[in-house]
Amino acid sequence: MTEQLTIRRPDDWHLHLRDGAMLTGIAPQSAKHFGRAIIMPNLVPPVVRGDDARAYRERILAALPDGSRFEPLMTLYLTETTDADDVAQAAQSGLVKSVKLYPAGATTNSDSGVRDFDRVLGVLERMADVGLPLCVHGEVTDNQIDIFDREAVFIERVLDPMRRRVPGLKVIMEHLTTSDAVDYVRSAEDGLAATITTHHLIINRNHILAGGIRPHYYCLPVAKRDSHRLALRAAAISGDRRFFLGTDSAPHADAAKEAACGCAGIFTATNTMSCLAQVFEAENALDRLEAFTSLNGPAFYGLPANDDTITLIKQADPVSFPESIETGAGPVTVFDPGFPLYWDVA
Ligand code: DOR
Ligand code: ZN
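What counts and what doesn't
Residues numbered from 1 in each chain as written. Chains lettered and ligands numbered in written order. Predicted model: local features only at pLDDT ≥ 70, side-chain atom pairs only at ≥ 80, totals over all residues. Heavy atoms only, no water. Donors = N, O, S within 2.8 Å, 3.2 Å for Na, K, Ca; no water. Helix = DSSP H or I, 4+ residues; strand = E, 2+ residues; numbered from the N terminus. Buried < 20%, exposed > 50% of the residue type's maximum accessible area, 1.4 Å probe, protein only. Polar contact = N/O pair within 3.5 Å; in protein donor to acceptor, adjacent residues only side chain to side chain. Contact = heavy atoms within 4.5 Å. Axes fitted to C-alpha atoms, helices over the stretch in contact; angles between N-to-C directions. Nonpolar A, V, L, I, M, F, W, Y, C, P; charged D, E, K, R; others polar. Near = heavy atom within 4 Å. Areas by Shrake-Rupley, 256 points an atom, 1.4 Å probe, with all protein chains shown as cover. 1 Å grid on protein atoms, 1.4 Å probe; cavity = no way out; pocket = protein on both sides within 12 Å on 5 of 7 lines; lining within 4 Å. Sits in = over half its atoms within 2 Å of the grid points. Points joined across faces, edges and corners; volume = space filled by probe spheres on them.

Caption draft 1: Looking closely at the coordination of the zinc ion (ligand 2). Around the zinc ion (ligand 2), the protein supplies His14 (NE2), His16 (NE2) and Asp248 (OD) as donor atoms, at distances of 2.0 to 2.1 Å. In the primary structure, the donors to the zinc ion (ligand 2) are separated according to the pattern H-x1-H-x231-D. One end of the pair, histidine 16, is in the loop between β2 (12-15) and α1 (20-31); the other, aspartate 248, is in the loop between β9 (243-245) and α9 (254-257), and 232 residues separate them in sequence. Considered together, histidine 16 and aspartate 248 belong to a single accessibility category, that of buried residues.

Set out below in C-alpha cells:
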C-alpha cells in the first residue's frame, strides 16, 4: 500500500482569488501547495484590459506570504466590446495566459459577459492567431432551460458551433459537471481540454438538497446526479491529457452563502490536495494523480511542468483542517468532503 507519494508541484487551472481583504485572507491557502494558478477575472469591475490584469497581478503578489514562489497566471474577462489588439498585446507580452468567456448572467459577476456570441468572433479569431486559449463557463442562461440541463445545452447551442467557426482556437471547457461534457471533450481530436473541480468529484445534488439545504455545497455549474459525478471521476483518474485540475475554489464570506439568496461558490483551496489524494486512492489511481494535478494542464497551455515537487503522506489518523478561514472580509467555510482525510502534504 502506498503511504507516501511525491509528485511534481500541482497547479490550479481555475481559481478565484478576489480582491482586497478577501484576497489577503485566502491567497496564502492556494500558495501553500500550488505552483501556479489561472486567476479568474470576475472582479467588480471585471479584469478586462491588459492594464487591469497587470495591476491585479501586483495586488495578488502583494498578498502572498514572504518568499512565496506562487505564480498567478492572469486572464482577461471577455466582453462584447473587448479590444482584440489589447488582448493580443497582453498575450504576446506574456502577461495573460487565457481569456475567460462568461455567458452574461450565468454566474457570479457575469453581467458584463457575452450575450451575442457573434459579437466576440473577431476577438476569438485573433486569439486563435496568437495562440491564446479561451476558458469557457459552459452554461446557457435561457430561463426556459432547466438549471440541471444548462451545461449539456450549451455544448450543442454555443460551444460546438463556436469551435467550428474558429477552428484554430484552443478551448478549455471549465468545471465539467456532466457525462455529456466528458463525452464531448473525449470526442475532440485537438484544441479542446477541460478542467474538473475537486468538489464535483465528491458531491452530487443530494449533498445540496437532501435532508436540508446546504449552501456550502452550492456552486455553478450546480452538481448533478451521481451518474455524472462518476463520469467525472472516470475522466479525472484516466490520465487522459485533456482533463486536468481547476479547483474553481470560490470564496464567499459565510454571511453571503448562508442567506435567503446565497452566492454560488465552494472554497476548496485549503484541503484540495488531501481530498484528491483520497479520491484517487479510492479509485486505485494514485499513480495518475500527478497527470491530473501537475502535468496535463501545463502541457495544454504549452508551459513546462513545475520544477519542484510536493510529497503527500498518508497518516494513521485523519488530518484536521480548519472549518473556516478568517479573513478581513469575514469567515469563509472550507469544503467538507463528508469523509475523513488521511493524506497530508508534507
Ligand atoms: O460557483 C461558482 N462561483 N461558479 C462560478 O462560475 C463563479 C464562482 C464565483 O465567482 O463565486
Ligand atoms: Zn469559477
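Caption draft 2: Structural context of the side chain of arginine 229. With respect to the element layout, arginine 229 can be found in helix α8 (residues 226-237). A residue is classified by how much of its surface remains accessible, and arginine 229, at 15% relative accessible area, is buried. Engagement of the side chain of arginine 229 in a polar contact is seen with the side chain of aspartate 226, the distance being 2.6 Å. Setting aside anything within four residues of it in sequence, one finds arginine 229 in contact with His200, Leu201, Ile202, Ile203 and Asn204.

Caption draft 3: Spotlight on the packing of helix α6 (residues 179-187) against α8. One way to put it is that α6 packs onto α8 with a least axis distance of 8 Å and a crossing angle of 30°. Contacts from Ser179, Asp180, Val182 and Arg186 in α6 reach His228, Ala231, Leu232, Ala234 and Ala235 in α8. Partitioned by chemical class, the residues of the contact of α6 with α8 number five nonpolar, two polar and two charged.

Caption draft 4: Up close: the site of ligand 1. Around ligand 1 lies a shell of 13 residues, among which Arg18, Asn42, Thr107, Leu220 and His252 are the nearest. Threonine 107 is positioned such that a nitrogen or oxygen atom in its side chain is 3.0 Å from an oxygen atom of ligand 1. Measuring from an oxygen atom of ligand 1, one finds a side-chain N or O atom of threonine 108 at 3.3 Å. Protein coverage of the free-state accessible area of ligand 1, which is 290 Å², stands at 100%. Structurally, ligand 1 is housed in the largest cavity. A breakdown of the residues in the shell around ligand 1 according to their chemical character gives four nonpolar, seven polar and two charged.

Caption draft 5: Representation of empty space enclosed by the protein within the structure. This model, assessed by the stated rule, comprises one cavity of 30 Å³ or more. Taken together, 17 residues form the lining of the largest cavity, with His16, Thr107, Leu220, Asp248 and Ala250 sitting closest to its centre. Of the residues belonging to the lining of the largest cavity, the class tally is five nonpolar, nine polar and three charged.

Caption draft 6: Examining unusual backbone geometry more closely. Geometrically, the link from valine 44 to proline 45 is a cis peptide bond, its omega value of -5° lying close to zero. Relative to the assigned elements, proline 45 resides in the loop between β3 (36-39) and α2 (50-63). For the bond from leucine 220 to proline 221, the omega torsion is -10°, close enough to zero to count as cis. With respect to the helices, strands and loops of the structure, proline 221 is situated in the loop between α7 (205-209) and α8. The phi torsion at arginine 18 lies on the positive side, around 60°, for a residue other than glycine. Inspection of the secondary structure puts arginine 18 in the loop between β2 and α1.

Just geometry here; none of it tells us what the structure is for.
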